[in-house]
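# Coordinate analysis (summary)
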Amino acid sequence: QVQLVESGGGLVQPGGSLRLSCAASGMIFNIYIMGWYRQAPGKQRELVASITSGGSTNYADSVKGRFTISRDNAKNTVYLQINSLKPEDTAVYYCNARRGYVPQPGGYWGQGTQVTVPS
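Parameters at a glance
Residues numbered from 1 in each chain as written. Predicted model: local features only at pLDDT ≥ 70, side-chain atom pairs only at ≥ 80, totals over all residues. Heavy atoms only, no water. Salt bridge = Lys/Arg side-chain N within 4 Å of Asp/Glu carboxyl O. Buried < 20%, exposed > 50% of the residue type's maximum accessible area, 1.4 Å probe, protein only. Helix = DSSP H or I, 4+ residues; strand = E, 2+ residues; numbered from the N terminus. Pairing = 2+ DSSP bridges. Axes fitted to C-alpha atoms, helices over the stretch in contact; angles between N-to-C directions. Polar contact = N/O pair within 3.5 Å; in protein donor to acceptor, adjacent residues only side chain to side chain. Contact = heavy atoms within 4.5 Å.

## Quick notes on the pattern of salt bridges
On inspection of all chains with the given rule, the structure shows four salt bridges. For Arg38, the salt bridge identified is with Glu46, shortest N-O distance 2.7 Å. Residue classification places Arg38 among the buried residues on the basis of a relative accessible area of 7%. Here Glu46 falls in the partly exposed class, since its relative accessible area comes to 34%. Here Asp61 ties to Lys64 by a salt bridge, and the two come within 3.1 Å at their closest N and O atoms.

## Describing unusual backbone geometry
At the junction of Gln104 and Pro105, the peptide bond is cis and its omega measures out at 0 degrees in the coordinates. Along the chain, the position of Pro105 falls in the loop between strand E9 (91–98) and strand E10 (108–109). We note that Asn76 has phi near 55 degrees; this positive angle belongs to a residue other than glycine. Classification of Asn76 as partly exposed rests on a relative accessible area of 24%. At Ser84, a residue that is not glycine, the phi angle is positive and equals roughly 50 degrees. Residue placement: Ser84 occurs in the loop between strand E8 (77–82) and E9.

## Things to note about the sheet that holds strand E3 (residues 18–25)
Two strands in a sheet stick together by hydrogen bonds in their backbones, pointing the same way (parallel) or opposite ways (antiparallel). Strand order across the open sheet formed by four strands is E1-E3-E8-E7, with antiparallel pairing between neighbours. Among the strands making up the open sheet, the edge pair consists of strand E1 (3–7) and strand E7 (67–72). Strand-to-strand twist across the sheet, computed as the mean angle between neighbouring axes with direction ignored, equals 15 degrees.

## Some thoughts on the side chain of Arg66
Along the chain, Arg66 turns up in the loop between strand E6 (57–59) and E7. A relative accessible area of 10% places Arg66 in the buried class. From its side chain, Arg66 meets the backbone oxygen of Ser84 in a polar contact 3.0 Å long. Beyond its immediate chain neighbours, meaning those up to four positions away, Arg66 contacts Gln81, Ile82, Asn83, Ser84, Leu85, Lys86 and Asp89.

Here it is in structure tokens:
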């Protein structure tokens, strides 16, 4: 079965950086669109960034210029580099995998990793 396992979250001071990783198994990784979503307390889950099998990327306006999504198809892993962290980036970050014909926010989900940026 498909498994997505996130790692790399933690407590980081404002202005700091983190790299989140999501290791996938049980799937043909390179045919999936991979995405990172986040959910802050009391808010809806939102798409942060996505990357297609061909490497095309898409970002939420709120993270453009600070977040970078990438994938390593040989390692079945997708990454999210987060720079210049802000308190409003505090959330649980979820990895998502979906085929192109599956509408957002469908597909498979990881268990999430917590990112905390104190104010």
